[in-house]
Each structure stands twice: as C-alpha cells, then as structure tokens.
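# Tertiary structure, described
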2 protein chains.
Amino acid sequence: MNTTPIHLVAGLLLLWTTVANPAVAREAGVIDVRELGAKPDGSDTTPSVRAALEAVRKGEGSKITFGPGRYDFYPDRAFEEYLFVSNNDEGLKRIAFPLKEMDGLEIDGGGATFVFHGYTVPFLISGSSQVKLRNFSVDFSRPFHSEGKVLAITPQHVDLEFTEHYPFEIRNGVLVFTNGKKAKTKATTVTSGEVVYPYGSLLAFDPIKQETAFMAKDRYQVGAGIAAHPIGPNRIRLRIPNISARVGEILVFSPKNRDVPGVIVTDSSGVRLTDITLHHCGGMGVIAQRSADLFYTRLKVTPPSGGHRIISTTADATHFVNCRGRIEMVDCLFEQQKDDPTNVHGLYAKITHIFAPNRFEVSMIHPQQAGVDFIGAGTRLELNDGPSLTEEGFANVKSVERLNKHRTIVEIEGTLPESVTVGDSVADADANTAEVLIRNCVMRGNRARGLLLGSRGKIVIEGNTFHTPGAAILFEGDSRFWFEQAGVRDVVIRGNTFDNCNYGVWGTGTIQVGSGIAEEFRSTSRYNRNIRIENNLFRSFGRVPLLSLYSVDGLTFTGNRLEKTTDYPLPDGQESKLFDVTDSDDVKIEEPSTVSEEAAVGG
Amino acid sequence: MNTTPIHLVAGLLLLWTTVANPAVAREAGVIDVRELGAKPDGSDTTPSVRAALEAVRKGEGSKITFGPGRYDFYPDRAFEEYLFVSNNDEGLKRIAFPLKEMDGLEIDGGGATFVFHGYTVPFLISGSSQVKLRNFSVDFSRPFHSEGKVLAITPQHVDLEFTEHYPFEIRNGVLVFTNGKKAKTKATTVTSGEVVYPYGSLLAFDPIKQETAFMAKDRYQVGAGIAAHPIGPNRIRLRIPNISARVGEILVFSPKNRDVPGVIVTDSSGVRLTDITLHHCGGMGVIAQRSADLFYTRLKVTPPSGGHRIISTTADATHFVNCRGRIEMVDCLFEQQKDDPTNVHGLYAKITHIFAPNRFEVSMIHPQQAGVDFIGAGTRLELNDGPSLTEEGFANVKSVERLNKHRTIVEIEGTLPESVTVGDSVADADANTAEVLIRNCVMRGNRARGLLLGSRGKIVIEGNTFHTPGAAILFEGDSRFWFEQAGVRDVVIRGNTFDNCNYGVWGTGTIQVGSGIAEEFRSTSRYNRNIRIENNLFRSFGRVPLLSLYSVDGLTFTGNRLEKTTDYPLPDGQESKLFDVTDSDDVKIEEPSTVSEEAAVGG
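Model, not experiment: these values are computed from the prediction.

## Side note on the sheet that holds strand β31 (residues 407-412) of chain B
Residues and elements named next belong to chain B.
- Ordered by their spatial adjacency, 6 strands build a closed barrel running β27-β28-β31-β30-β29-β32, and the pairing between neighbours is antiparallel. Adjacent strand axes in the sheet meet at a mean angle of 45 degrees, parallel and antiparallel pairs treated alike.
- As paired strands, strand β29 (residues 380-384) and strand β30 (residues 391-402) are joined by 5 bridges and run antiparallel to one another. What sits directly across from Arg380, in β30, is Asn396.

If you want it as structure tokens, here you go:
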C-alpha cells in the first residue's frame, strides 16, 4: 500500500539480477563491473562486485575491471565474516571485495577511486593464490580518526577547531565523533545502531612539516571519552591536562580500534599489489598473515590531496605476520600513517599450563593476536625462554584442542625439554621465514618507527629514504609484552638515506635493537644475528646514536657516510655519541666518512 | 627457567585430564562435577563442566550434578561462539555451560550458587532437546549495571554515592565503571584488554518500595559517557541536566549492551527450568528463540539478599521469539529486573527491494534482531502490510541468499500478491504459535510493563499478581519500529490480581493494546482477537483506565472486581475513566463490581 509500484523497483534493480549473463564479458575472461551495473555516480558498487565475483566463480572470467571515476561502496549489502586479523581488531566485518578461494584473479581499477562508507573493509584476500590488484586508490567518506587544530593550550585543557570533515557532538559533556547523521529512530534501552567513531589516543602533528610534531608524546587511555564543552562554532575546549601539543598543530584522535584495515591477506600466496594508493583506512593499510609470496610495487600510503587531512591510514602502512616465501616492497611511499611503515614478525604463544611433559596449554596474550591460530597437528614448534629469548629446542605437534580464541591445549610427540616452564613461549618454527626485499621506498612523517624487521629469512633493505620520528630500522621481538617473534638471521642494509630520523620519542637510535630481552640476559642472549650496514648516508641532528644495539651476533658497519645537520634542535643541547653497541659478538664498526650538506646532495 | 617445576604444575592440574575416566560416574548415568575437580573454593569450575559435558557426549551419563556451595566460573577457559540472540546483543561470547546438541541432559545444581566473572554467559542450550536445569542460583561477581545513591540533585547535575560493589573511575572527566582492577600492561595504541562496564541509560528506583521511582523517566543516549568529577570518597557529581530522580533514590546505570543473558535457548525443544534463581545477568534472564516446549517452574528473577543491589537482571526476565509448541511459566517470581517479565512474539523482516514478483530482498531492521535468521527454503511466509498490520497473504520460500546479518534475498514459489510493496513485512507464519500458560506468578518492581503477549497460539494468564509500573498486560506488535510480530488469536486472563499497576510512565492502561497500527488504519485493522478478561481483581489508584484498547476483534470483560486505592497520588489530580476501548468489534464490557480494601483482601 506504499506508493512505489513493483515494476519501477524491479526495473531500477534489474541489473542486480544479471549475475550469470555471459554477455557481460566482452573481452575474453574480462568482467567489467560497469556492465554489471556499477556506476561512478555515488550508488553502491557492492552488488556489482558481488555479481562479478560470482561470474569468476562460475568460470566466466578471471579479470575484473573498472574504469576512471569514483565508485562508492556501502556496508549495507556487503559480504560479512568474523575475522581475526593479527595486530588489528577482530570482529564481524563487512567486506566490499571478499576474494575468497580465488586462484589467479586480477582486479584492475583502471585508475578508479574507490570510496568506502562506514565500517566497510575494502579487500579481503583469503585462501587464495596468485591474486593481483592494481591501479586504483582507496579512501573513506568519513575517516575513522579525527583531526582538530590546536587554537590554545594550557596545562589544564586544549582548545580545538574541527573542519566539516570531522563531524562531532558534545553529548552529556563528552566529545563524540559521528558521521554527521542523526539517529533515525527514537532512543530506547537497546542498541542504537548509530554510527560513531570512538577514539583511543591522541597525538599532535605538525601541519607545515607534515609529520609528527617535534618530540610530541602519545596520550593513551582516552577510550572512554574526554570531557569537553563548546567554545564557538566547530570549536571545543577539551578538558584534559598536559597534552603534548602546541598552538597551530593538529591534534589527531586515533580510532579506538583497528576495525577496518585496507587490505587483509590471510592464508594466501602470490599476492601482487601494484599502483595502489591507500589514502585511508581504519587500521593497517595492508596486513598479511599466514601467507607467502607478497609483492607490493608502487604501493602508496598517503593522505588525499587538498590539505584537509594530515593522516593517511590509522595504523601501520603494511604488516606481515608468520609469512613465508618472499616479501617484496619496491618503489613504495609510506607517509603520515598513524604507525610504522612495516613490521615483519612471527607470533609467540605463552605456555600457561603444563599438564604433562607432552601436554600443555598455550595462550595468545596480546589482545590483537587472539584467534590468530598458528598451531595445528604437524606444526613444528620452536620453544623459547621468555625473559632471555633463547631457544630451548623444538617439538612436533600431535594434536590441539582449541578452548577459545585465547587458549589452546597442545599435545606433542615426545616430551618437552626439562628447561621449559610455564611462562616460556612457542612459535611456529617454519613460519616467519620470508626472504624480504625493501627497495627504493620512501618512509616519512608517520608515527613511530620505520621498518620493524623480524623475519628469519634473508633480508635486504636498499635504496630507501627514511625520515621517521623514531628508529628508522628496529629489530624487535619479545615474548613478554607484544609476543611478536623476531630474531633476524641475515640482514643487509645498504645504499639507504637516513634523513634526520628520531625527531620524535619512539627510539634510541637510527638503527636499533629493541628486543624484549631482560637486562640480566642481554650479555648471553644473541637474538639478532648477521646484520650488515653498508654504504648508507646518515643525515643526523645528533639526538641519538646511529646504532643502538645489544645482544647481536655478527654486525658490520662499513662504507657509511654521515652528514651532521641542524634541521632539528637538540632537546637537551647535548649531542649523542654515534654508537651504542653492547653485549654483542663479532662486531665490526668503521667510522662513517663525514660529508658536508652539498656533497651529500651531490652524492 | 622460571621457578615452577613441571611436576608441580602437572600435579595441580591433573584433574583436568581425567575427562574420560568412567570411574567418576558413581551413580549410574550421573556425573558429579566434584569428581572432575570442581570445588566450591573460588577456583574456576569451567574446566570441570567441560569435562562433564565431554563425558555426556561419550555416553557416560546424562545427568550432571553439583552440591551446595559457591562455584565460580571465569571466562578464561570457557567455550566460545558467536551468537545472534534476539532482543539481546550479538557477539563472540564465552559460555560456561555450552549445552549443544544434547538430548535428555539434566543438570542438577543441588542447591549450588553459581557465580560468574566478567563477560561469561552462564547457559547456552542450542540444538538440544529435553534439557532440564534445576536447583541452583546464578549471580555475578560484579554486576553489569551500577547503582548510585542520589545525594543531591539540581536541574544541572546529580550527586551520587557508590558502594564498593560498583567500582568506578573518573577518567579524563568521564565516569567509567570498572571491575576495580588496574590494567596489567602499559598503555599503547592497541586495545587495552581492560574489563569495563559501559552504560547506556539511567533510571531511578525507590529503595524503600523496591520498584521504579514513581513516574521516573528513562534517560537514554548516555552511551558515550557522562562528564563527572569527584566530590568526596566514592562520591561524584554527574554533569547531566534534568535527571528524573529524587534525593535518596537509587540511580541505576544500565549496561550499554545486553551482552550476557542468563540462559540462551535457541533451536531447541523440551526445555525445563525448575527451581532456578537468577540474581543477575547482563541481558535477559532467559531468552528462547526458534524453540518449542519451554517449561519454567519456580523460576525466580530477584536481586540477591543483603540489600546492596536493587536490580536483578538488566533486561527482561524471560522472552520468547518465534517459539512453538507450549510455553508454561508457573509459580515464578519476576521482580526488579530492568525490563518486562516476559514478551512472547515473532519477528518481522521488512521488504526492502522487489527485484521481480517472485524475488525480493528482506532486511532485519531492529539492531538486536540482525542475524536471527528465520527464513529458509520451505518457510511459509505471512505477508503483512506495514502501517496497518493487516495480512496480505502467504508465500512459500523456494530459496534464500543471505547477504549478511541484516539482508537476505528471497525467492518464492509463485508470485507476491499485487498489494505487496517495498516497506511491507514478512513473518514465519508457523513460528510464534506456542500455546502459553502463565499461572501463579508474581511480577513487580521491574522497569516498564508486565506481560507482552503476542503468540498466535492459545494463551491463558491466571492467578498471577501484577505490580508493574506500566501496563500489566500489553498487546504489542509492529513492523515499523520494533519489528516484533504479534496479534493474538485467543487469550484468557482470569483470576489475576492487578495491584496498583501503572505507577510509572510505561503505559496507558492496566490491560493495553500498543500495537504499531498507524492512526488511519485503526478503524479497519483488527490485529488482536478474542480476549477474555474474567474474574480478576483490579486494585487501582485511577491514573489510567483498566482497559486501553483499539483494533480488537472480540473482547469480553466480565466478573471482574475493582478496588480503588490511594496508594499512589494522581499526578494531575484527575482520575481516569475505567475503559478506553475504540475501533473494535464484538466488545462486551461488564462494569466491575466494586470492593472495599478489606473485602478484597478477604477475597
């Protein structure tokens, strides 16, 4: 009895039903989404993508194409799956491009801009092989973070101004970021269904330099909201003391969770991302887990042009967890994302109970590793002493009983070595073994560090430019806090430019070991091995050493050049020493040659 | 290299491994959890329950027993499943007693008190038949809601005092309820893993009368927090204007979500709950969906003794969605829960697109119905006009394609009637057909209404006592807001006492129709049918009519008695008329006989 007649609705939506029409594939094997109803007119492209993937599944093609223009994607009709994504937040997610069990699929955006609305994950590549994505950019209609310009600051409060890109309300005296739409239905005792953008931490950025503000500190634990009151149109006074920011800077409200990564790669091999620009997503840009052979070429993580947004993705640009085979990132740009350019590591699970010498319980401790299972029958476990990060042997898994996303009971062949106790940890000894090549990439302006290197495979880092506020290269790994397995075996760092790194609070050296080895074990543990640092240019304002390392077995530092700069002040007026290397064996450090600014530019 | 030797850990936990030991079943078919390691000493009972259920699965018994004492249940090692629970909030839940695919299982608590910690669902009965639970009580170590005593109130703020039962912090100027434990790890950019208790609405209770405060109003939309500051030990000033409360009352902070119902029954039949007391849970007490033959005897929903808590469960005591067969609730007590004693209804999905006369999209609109699928191949759909709630015919489902938890594409045999348009709704015509008997129950002090009756089966309500702040009996149903299918066919209401109902804001009559029929269709729609109201006692202070009805076909009101009271004031000094019945057919109303207070007590 409403006014829309059936035939009109049916007509408007007829294209939805042309799923299996082979006529749409004009070029052999090519499925053009525009023939399936996709239009660059603001309408929802999700049903056309669903239809295209259905056609691929039916063998009607293996390449999906778009063309130039803006295509919009809404969560309403998107595929849905509960996903555990390492170092991001788990959840029942809507996914615009669910690429599951695909073999040899290629998606060519043809220069399109893909704009996602609300909590919609752009891409999931799961259980697939040889998937290629190319030639498009990704943005969101409303970013998951918010940016406020600092108008005034005292030890008690901060005054901020927001543009229309960051709709907000002050509700019951608390700052709330919204999508600018009022709730459609009346308020009741039940879930509202309203779309909001909770925040979890604050950090100031410098809008001129387009980077984290000099020595700015994160403010955590604001996830329950911050008291505020309005002081003018789009202006608020945030009642929070001791914020590390200055007038004119941009205070960035990071999303509380990493719910919406840009591209999730899981249990897949042979993934090629080429000429893709991620302007934004609500989590990591590209996160790959339990996968192999990942090739990213001219992948750019960068805010959109126009100057209205300083942040690109709200967490790491890329991230690799328990990956094998080969990882390559070439000619990439990673800037102004809200965490590191990359981190290549494995996973540790903690031994939380031992029932018998062949039967024990392990737990995933880090909340963002819960559910990222890596132990099954046949897994070869590396056994690891918690505080010292030393190997205690290996064990083959006979069977597992998964209690829940946190805990699994493991039965092994044979018995545990006697040294293994509750509190020690296990890793998959054959994962996190990828050979890594990172070449000709630019990394700058983001929060925190540059490359976090933890793969056990051979690693080559060459020809890159780093301008990171923390360590440019960090060797991490610990089984007491982050539970990320690392411990490199063979690393070459050559021909890179380290350009005024460490202008922020996230590091003690340009190249640094940060592995979580308890002080008392550093003299004996040799967690990272065989690191060669050759023919790099270090432009340094002298706040921290070039090298800050411990517990390394095998280090050479040769043929490097140093250019001293005054581009940033020394906070305590004191220049640091160049090298801080302790508790290591087989160390060979050659003093860097000193170059002037002109010579460096010429070289 | 830690200090705990393997053999000690193994010894302490050996009982976990005795899962399959037939010796534990001393009495034939009886599995005593105490023989599997369960102890009333504060330790986690979950592993023993897991072992007992494993023994049942292996055929070693069909009855699990406890004994007197307090048994604790922690989420750490509990079973986990993503659950869509109608009228509660979906999520990946930990479940202490996961009773899945069980046939004929009985659990006898032997008088035990079960205390659950954190976000742990006590019971899930799923895909099971003939399950009996008896003889235990349920409580939580920290309730999901919080209660503050009103010390002072102005139009701008409320001053509150909390006891140690409701730990809280003021964090960045915002009130946050916690479990009283500090986070174990340092703050970072990632999820904290901290356990907090977000709140979503406020309502004042009268601590003397142990009921909602006279005419108190809910305050919604506080889910993003409320600004506050400390004014003394355990005292805060809440910066929120116009709260409906008085000094000395208890302001109840309801949990933001209904994440932790007490007992979830889904896709099961033959469930008997006997002599069970639910002191608390974070959602509905017992929620049954897509199930049949549910018998609750002496089920009590009531706060614990001791006077430190005024609220029992944080939502409805019981609730039945798309249930069939028979529902019986006899000799039950439902008091001080944060919503209705029960609601028996079906589900409507809205038609959101019509592709072709035999193919259309339906959507679950209510956020707490998302994922509660009820349409599959073979389902007989009732087609329903949205604004008038009139039947437009039936259709048999040929196939469905589920897009996500909200949307499903349905293909039917034949075609839709021409009157069906986008905006109309569908229900499962053969669900929500249970015969209902509610006898000798007491319902009082809770938020909102009494019985919400919507089953299409025969309903008998007899011998109950109602002291509810809204309508004692409400005939609901709508397909525009709550999307709950109702529309009774045969109801007898006899021998009940309606004792001073409607002392709150949730009703316009003691027995009321609230069905969502648009005004212009009330004269023609006859959504509720054949209601007989006989031989009841109405004790009324006259604020609202005894009957407030519309769009009913068939109503008799005979042999009832009325006692006028002065137990509550008349807010506007005006006594209401006794009957407000409009737009109805076949109505027979006999004036009630008037009784004095003494006569009523004697009768």
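From this point, the narrative continues.
## Some words on the interface of chain A and chain B
- In this assembly, 78 residues from chain A lie in contact with 78 residues from chain B.
- Between chain A and chain B, the buried area comes to about 6500 Å², and carbon and sulfur atoms account for 58% of it.
- For the pair chain A and chain B, the number of links is 7 salt bridges.
- The partner of Glu401(A) in a salt bridge is Arg50(B), with the nearest N and O atoms 4.0 Å apart.
- For the pair chain A and chain B, the number of links is 20 residue pairs in polar contact (both at pLDDT 80 or more).
- At the level of elements, α1 (6-12), β4 (79-83), β5 (91-100), β12 (174-177), β26 (349-356), β27 (359-363), β29 (391-402) and β30 (407-412) of chain A are the ones that each hand at least two residues to the side of chain A that touches chain B.
- The dominant element in the side of chain A that touches chain B, judged by the number of residues it contributes, is β26(A), at 4 residues.
- Across the side of chain A that touches chain B, the residue classes break down as 32 nonpolar, 23 polar and 23 charged.

## Regarding the packing of aromatic side chains
- Counting across every chain of the model gives 66 aromatic pairs over all chains.
- Their ring planes at 55 degrees and their centres at 6.0 Å tell us that Phe66(A) and Phe97(A) sit as a pair that is tilted. Remark: Phe97(A) occurs in strand β5 and Phe66(A) occurs in the loop between β2 (63-65) and β3 (69-73); sequence separation between them is 31 residues. Of the two residues examined, Phe66(A) and Phe97(A), each falls in the buried class.
- Ring-pair connections join several aromatic residues into one group, and the members of that group are Phe66(A), Tyr71(A), Phe73(A), Phe97(A), Phe114(A), Phe116(A), Tyr119(A), Phe123(A), Phe136(A), Phe140(A), Phe144(A) and Tyr197(A).
- Note that Arg142(A) overlies the ring of Tyr197(A), its terminal NZ or CZ placed 4.7 Å from the centroid.
- Directly above the ring of Phe295(B) sits Arg272(B), whose terminal nitrogen or CZ lies 4.2 Å from the centroid.

## A word on the domain arrangement of chain A
All names here are of chain A.
- Domain assignment breaks chain A into domain 1 (6-143 + 259-320), domain 2 (146-255), domain 3 (347-428) and domain 4 (435-602).
- For domain 1 and domain 3, the distance between their C-alpha centroids amounts to 36 Å.
- Residue-level contacts link 9 residues of domain 1 with 10 residues of domain 3.
- Where domain 1 abuts domain 3, roughly 710 Å² becomes buried across the two surfaces, and 43% of that area is made up of carbon and sulfur atoms.
- Along the contact surface separating domain 1 from domain 3 lie 1 salt bridge.

## Re the relation of the copies chain A and chain B
- Expressed as a screw transformation, the operator carrying chain A onto chain B has a rotation angle of 180 degrees and an axial translation of 0.0 Å, and the superposed copies differ by an RMSD of 0.0 Å. Both copies are brought into coincidence by an operation consistent with a two-fold rotation axis. Using C-alpha coordinates, one finds that chain A approaches the rotation axis most closely at Ala227(A), a distance of 2.8 Å.
- Most of the interface of chain A is mirrored in chain B: 100% of its interface residues are interface residues there too.

## As for the environment of Phe116(B)
- Relative to the elements of secondary structure, Phe116(B) occurs in strand β6 (residues 106-116).
- Those residues within four positions of Phe116(B) in sequence are excluded, and the remaining contacts are Phe73(B), Ala96(B), Phe97(B), Pro122(B), Val138(B), Asp139(B), Phe140(B) and Ser141(B).

## Overview of unusual backbone geometry
Residues and elements named next belong to chain B.
- Positioned with a positive phi, Asp275 is a non-glycine residue whose angle comes to about 55 degrees.
- With respect to the helices and strands, Asp275 occurs in strand β19 (residues 269-278).
- Relative accessible area serves as the criterion here: at 29%, Asp275 is assigned to the partly exposed category.
- Of note in this structure, Asn440 is not a glycine but carries a positive phi near 55 degrees.
- As for its placement among the helices and strands, Asn440 is situated in the loop between β33 (435-439) and β34 (442-444).
- Residue class for Asn440 comes out partly exposed when judged on its relative accessible area of 38%.

## Quick look at the sheet that holds strand β15 (residues 228-232) of chain A
Residue and element names in this part refer to chain A.
- Across the sheet, 7 strands lie side by side as β14-β13-β17-β9-β10-β16-β15; this open sheet has antiparallel pairing. Because the sheet does not close on itself, it has two edges, and the strands there are β14 (211-212) and β15.
- One ladder, built from 6 bridges, connects strand β13 (residues 199-206) with strand β17 (residues 250-255); its direction is antiparallel. When the sheet's bridge partners are listed, Tyr199 is paired in β17 with Pro255.

Parameters at a glance
Residues numbered from 1 in each chain as written. Chains lettered and ligands numbered in written order. Predicted model: local features only at pLDDT ≥ 70, side-chain atom pairs only at ≥ 80, totals over all residues. Heavy atoms only, no water. Pairing = 2+ DSSP bridges. Helix = DSSP H or I, 4+ residues; strand = E, 2+ residues; numbered from the N terminus. Axes fitted to C-alpha atoms, helices over the stretch in contact; angles between N-to-C directions. Contact = heavy atoms within 4.5 Å. Buried area = accessible area lost by both parts, 1.4 Å probe. Salt bridge = Lys/Arg side-chain N within 4 Å of Asp/Glu carboxyl O. Polar contact = N/O pair within 3.5 Å; in protein donor to acceptor, adjacent residues only side chain to side chain. Nonpolar A, V, L, I, M, F, W, Y, C, P; charged D, E, K, R; others polar. Phe/Tyr/Trp six-rings, centres within 6.5 Å; stacked < 30°, edge-to-face > 60°. Buried < 20%, exposed > 50% of the residue type's maximum accessible area, 1.4 Å probe, protein only. Lys NZ or Arg CZ within 6 Å of the ring centre and 35° of its normal. Domains from an automatic or database assignment. Least-squares fit on C-alpha atoms with pLDDT ≥ 70 in both.

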